[in-house]
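# Summary of structural features
Here is what each chain is made of, one letter per residue.
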Amino acid sequence: LKEYEKSDNFGMYIKKAVAPDIKLTRDELQAHYEEHAAENTDPEMMRIKSLVFDKRKDAVDAIDKLKKGTDFSWLGANAEGQVDPATKGLLRLEGRPVTVRSLPENIKNALARSRAGDFRLYESPESHFYVLHVFDIIPARQKPFEAVRQEIAKEVYQEKTRQTVELWAAQLRDYYPVEIFRADLRK
C-alpha cells in the first residue's frame, strides 16, 4: 500500500509540477524522426514462391523451363521429382511478402542481388533443392512523418519528462539531503 501511495504521489507530482512545463514542437518531433530514421522504416520485403525437389538436376531443369516461359503454377502442379509437401522442415514460400532480414542467412545469400522475375537455386542443409521465384521486391522505405507522429510524440514526451525529473532531482539534492532506497534510481 505504501509503495502504491508513493507511486501515486509521484505520478501526481509529475502530472501537476512537471507535465505542464513540457511542450513539444513540430521541429523537435521532426528532428527525432530524422535522427531515428531506421526505426521508422519498413524493411525490404520480397514476394517469393518456391518449388522443392529431391535432385539438383530436377531443380535445374525446372529453372530452365521457367526461363523459357513455363507457368510457375503449372510447373508446380506437374513437375517430376518434387519433394512431398508434407515433408517436415520444408520452407514454405507461397508468394506472401516476407521481410528479407527474417529469411535464413543461407537463403538471403541465394537471393542476393535478385530482381523481380529472377529464378534462383538454393540447396538446403537437408539436401532439398529449392527453385525460388522472386516475383516482387518491395524496397525498404521510411514511413511518412504523419504516420508515426503520435509514436514519436510519446517518445519525445517521455524523454523530456525523464530529463525534467532528473533536473528537479538534482536541484533537490543541492538543497536537501536525499536518501535513495531503490537501486535502479541511483546514478
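In what follows, the structure referred to is the one given above.
Fair warning: this is a prediction, and the values are worked out from it, not measured in the lab.

Next up on the list: the packing of helix 2 (residues 26-35) against helix 6 (residues 145-175). Geometrically, a packed helix pair is captured by the angle between its two axes and the distance between the axes. With their axes 9 Å apart at the nearest point, helix 2 and helix 6 run at an angle of 100° to one another. It follows from the interaxial angle that helix 2 and helix 6 lie roughly perpendicular. Taken together, the residues of helix 6 that come into contact with helix 2 (itself represented by Arg26, Glu28, Leu29, Gln30, His32 and Tyr33) are Phe145, Glu146, Val148, Arg149, Ile152, Ala153, Glu155, Val156 and Lys160. Per-class residue counts for the contact of helix 2 with helix 6 are seven nonpolar, two polar and six charged.

Moving on: the sheet that holds strand 4 (residues 119-123). The four strands lie next to each other as 3-2-5-4, forming an open sheet whose pairing is antiparallel. The sheet terminates laterally at strand 3 (94-99) and strand 4, the two strands that pair on one side only. Shown here is a sheet whose adjacent strand axes are inclined to one another by a mean of 35°, direction ignored. As paired elements, strand 2 (residues 45-53) and strand 5 (residues 129-138) share nine bridges and run antiparallel to each other. Along strand 5, the bridge assignment pairs methionine 46 with isoleucine 137.

Reading guide: rules and limits
Residues numbered from 1 in each chain as written. Predicted model: local features only at pLDDT ≥ 70, side-chain atom pairs only at ≥ 80, totals over all residues. Heavy atoms only, no water. Axes fitted to C-alpha atoms, helices over the stretch in contact; angles between N-to-C directions. Helix = DSSP H or I, 4+ residues; strand = E, 2+ residues; numbered from the N terminus. Parallel < 35°, antiparallel > 145°, perpendicular 65-115°, else oblique. Contact = heavy atoms within 4.5 Å. Nonpolar A, V, L, I, M, F, W, Y, C, P; charged D, E, K, R; others polar. Pairing = 2+ DSSP bridges.

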